[in-house]
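Architecture at a glance
Residue strings, one per chain:
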Amino acid sequence: MEFWKKLKNKFIESNMSDKREKDIIFPESKGKITINILKEKLADIEDLIIKDIIVGGEKVSLLFMKSLIERLVLQDMILTPLENIKGEIQEDTFKMAVKVEDNQLPELLYDIASGSTILIAHRKNLILKLDTTSPPNRSISSPLNETTVMGPSDSFTEDLDMNIGLIKKRIANPELKVKGLILGTEMRNKISVLYMNNIANQENIDRVLYRLNNIEFQGFWGTSTLKQMIEDSPFSPFPQLGITVRPDTTVSALLDGRIIVLMDSSTEAIIAPMSFYEMFITPEDYYNRWISASFLRLPRFGGFFITIMLTPFYISILTYHPEMLPPPVLALLFESRMRVPFPPLVEVIIIEIVIEVLREAGARMPSKIGQTIGIVGGIVIGTAAVDAGLASNILIVLVALSALLSFLSPAFLMSSSARMVRYIFIIAAGTFGLYGQMLTFAWLLAHLANLTSLGTPYLAPFIPRLWSDLLDTIFRAPMKFIYKRKGMSRAKKQLIRPLDEE
């Protein structure tokens, strides 16, 4: 306990020092904001342009970052109107301009760094801010992850406004609320929280906003880093909030009463709350017929438990419980291991690590080379390992099958969690056999049952039981018979459609 108190005090002191540092860098402006103060604060920035021009006999200065604006925007929005001004510049000369007060120096510096253009009329000491931000963006494309055969093929981009537009194009409803936040002491990330005001649970909305508003961090370079800061249990290996790059999945979550968090410069959206079984559901399940969707969900969900149990079961059987297998199968196993000098535990760990190395190497290489390395490396190394007597050919098959099953989940973070949890089962199986596996499985269930996502049980609707939700879990009922929103979202409006509707 004493250690945690010291760690907490150190964390608080660190935050306080950050705040003091922030105060030193951006002191409250004691006087008027002048061009010299701005030049001093923005020194050593190569792409900063300071342009002095004469308008109506008055000196006017323009400050902007050339890397964040387009020349045509600057010309049409500012320079051309300035050429037509006959008298002095007034506050309403530019319709989209915002007057900057003298006590807004920190915000003004961040606005310039974000792409706004600042106009200073020296004679009147008038400072106007114009939003000329036009950072480089790419167009909308198909999602590289979460691909489906049916359904829309657009995905989020790195532009926050474009992402909100993709959602609003589908939900043209004034009940769709968008709240903007600025997070990060150094990066100043733009965050948007979206929810359906007439559906979403108010407690969930308040909890998300509270957690976001209480984050003290330097900045976020991706939505996944932000997600880890607002999860209920940061030490758990399992993701407790959803991530998607698909607008249709986001819209479905909004209509179910979930909260969506978007961040500028990130292509992913956070879905809160999210249950364990929803990590195995794809958008295609709802575009497909109910019987096909149910048939495809079963291997995804079951594959998670098989992948964490398969190679540990191999260790348990060969090390502690050989009598559980029929004699022909047992003879086959021992024959395949005749030249292997290692015990099953070491043999499995060696091959599992080889598979992880191949996966990492394939992921870090260019896509075409990575695929080749993955296929050729797997075949060559697998064959060589068997010939060299480092592993049995049956284990190679089991490890390859286990690796494939771990990727059945559409949520990449859940696939990573399954691989990590598998090592715990491998150690338990090598130490205590099947008893160790069962004890570890009991720990896994207890851990999952204790997890929450935004305060809602992670294993819902299985624990606690929500009968209405069971119509859309491993088995997906026909859409005509799904009347209620999922209990996980604790929505204000439970019914999707009237119960008496035919």
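Residue indices begin from 1 for each chain and proceed along its sequence in written order. Where totals are concerned, whole chains, interfaces and linings use all residues; where local detail is concerned, this predicted model gives features only for residues with pLDDT of at least 70, and gives and counts side-chain atom pairs only at 80 or more. The basis for the side-chain values is all heavy atoms of the structure; hydrogens and waters are excluded.

1. Describing the overall build of the protein chain
Broken down by element type, the protein chain carries 16 helices and twelve strands. A principal-axis box enclosing the C-alpha atoms of the protein chain has dimensions of 100 × 65 × 55 Å. Categorising residues by exposure relies on relative accessible area from a 1.4 Å probe, with only protein chains included: less than 20% of the type maximum marks a residue as buried, more than 50% marks it as exposed, and the intermediate range marks it as partly exposed. Considering the protein chain as a whole, with its 502 residues, one finds that 44% of them fall into the buried category. Considering only contacts within the protein chain whose residues lie at least 6 apart along the sequence, 65% involve residues at least 24 apart. Accessible area of the protein chain: about 26,700 Å², with a carbon and sulfur share of 62%. Positive and negative side-chain charges of the protein chain, numbering 54 and 54 respectively, have mean locations separated by a distance of 3 Å. Helix and strand assignments follow DSSP, with helices taken as H or I runs no shorter than four residues and strands as E runs no shorter than two, numbered in order from the N terminus. Residue contacts are defined here by distance: any two heavy atoms, one from each residue, within 4.5 Å place the two residues in contact. Surface accessibility follows the Shrake-Rupley procedure with a 1.4 Å probe radius. Residue values consider only the protein chains on display as shielding. The charged-residue count follows a simple rule in which Lys and Arg add positive charge and Asp and Glu add negative charge, with His and chain termini not counted at all. By convention, the point assigned to a charge is CZ for Arg, NZ for Lys, CD for Glu and CG for Asp.

2. A closer look at the UniProt feature "transmembrane region" (unreviewed entry) in the protein chain
UniProt positions are given in the numbering used here, feature names are shortened, and annotations may be inferred rather than shown by experiment. Feature annotation in UniProt places "transmembrane region" (unreviewed entry) on residues 301–320, 340–358, 370–388, 394–413 and 425–446, given in this structure's numbering. Taken end to end, residues 340–358 has its terminal C-alpha atoms 22 Å apart, with 79% of it in helix and 0% in strand.

3. Quick notes on empty space enclosed by the protein
Grid spacing is 1 Å over the protein atoms alone, the probe is 1.4 Å, and a cavity is where that probe fits but cannot get out, while a pocket is an open set with protein on both sides within 12 Å along at least five of seven lines and lining residues have an atom within 4 Å of a point. Grid points are joined across faces, edges and corners, and a volume is the space filled by probe spheres set on the points. According to the stated counting rule, one finds two cavities of 30 Å³ or more in the structure shown. Estimated volume of the largest cavity: approximately 50 Å³. Think of it as three bins: nonpolar holds Ala, Val, Leu, Ile, Met, Phe, Trp, Tyr, Cys and Pro, charged holds Asp, Glu, Lys and Arg, and polar takes everything else, Gly as well. Taken together, the residues of the lining of the largest cavity break down into five nonpolar, one polar and one charged. Among the elements that make up the lining of the second largest cavity, the one with the highest residue count is helix α10 (residues 290–319) (four residues). Among the residues making up the lining of the second largest cavity, the classes are represented as five nonpolar, four polar and one charged.

4. Topic: the pattern of salt bridges
The working definition used for a salt bridge is a side-chain nitrogen of Lys or Arg within 4 Å of a carboxyl oxygen of Asp or Glu. In total, this model carries 20 salt bridges according to the counting rule given. Arg-490 is the salt-bridge partner of Glu-203, the closest N and O atoms lying 3.8 Å from each other. Highlighted residues: Glu-203 in helix α6 (residues 202–213) and Arg-490 in the segment after β12 (456–457), separated in sequence by 287 residues. By relative accessible area, Glu-203 is classed as partly exposed at 41%. Measuring nitrogen to oxygen at the nearest pair gives 3.6 Å for the salt bridge that ties Asp-472 to Lys-486. Of this pair, Asp-472 sits in the segment after β12 while Lys-486 sits in the segment after β12, and the two are 14 residues apart along the sequence. As far as the burial class goes, Asp-472 and Lys-486 line up, both buried. A network of salt bridges, in which partner residues are shared, links Asp-256, Arg-258, Glu-278, Asp-285, Arg-297, Arg-300, Asp-472 and Lys-486.

5. Focus on the nonpolar core
We define a nonpolar core as any set of buried Ala, Val, Leu, Ile, Met, Phe, Trp, Tyr and Cys residues linked to one another through side-chain atoms lying within 4.5 Å. Ranked by size, the top nonpolar core spans 39 residues in total, and within it Phe-238, Leu-262, Phe-276 and Met-414 carry the most contacts. Mapped by element, the contributors of at least two residues to this core are α5 (160–170), β7 (189–196), α8 (247–255), β9 (259–263), β10 (269–272), α10, α15 (412–432) and α16 (434–450). With near-sequence residues (within four places) excluded, Phe-276 lies in contact with Phe-238, Phe-301, Phe-304, Phe-305, Met-414, Leu-448, Tyr-458 and Leu-459. If you look at the next biggest cluster of nonpolar residues, it comprises 21 residues, including Phe-220, Leu-226, Leu-241 and Ala-272.

6. Structural notes on the pairing of strand β1 (residues 48–55)
By the bridge criterion, eight bridges tie β1 to strand β2 (residues 58–65) in an arrangement that is antiparallel. From the neighbouring strand, Lys-51 faces β2, where its bridge partner is Leu-62. Pairing between two strands is assigned when DSSP locates at least 2 bridges connecting them. The turn linking β1 back onto β2 is made up of two residues, and Gly-56 within it adopts a positive phi angle of 60°.

7. Focus on the sheet that holds β9
Across the sheet, which stays open at both edges, the five strands sit in the order β6-β7-β9-β10-β8 with antiparallel pairing between neighbours. Two strands close off the open sheet at either side, each with one partner strand: β6 (176–183) and β8 (242–244). Looking at each pair of strands side by side, their axes are set apart by 25° on average, direction ignored. When β9 meets β10, the two strands line up antiparallel, connected through four bridges. Counted as the bridge partner of Val-261 is Ile-270 from β10. For helices, the fitted line uses only the C-alpha atoms of the stretch in contact; every axis is such a line through C-alpha atoms, and the angle between N-to-C directions lies from 0 to 180 degrees. Sitting on the sheet, α5 touches β6, β7 and β9, and the angle it makes with β9 is about 150°.

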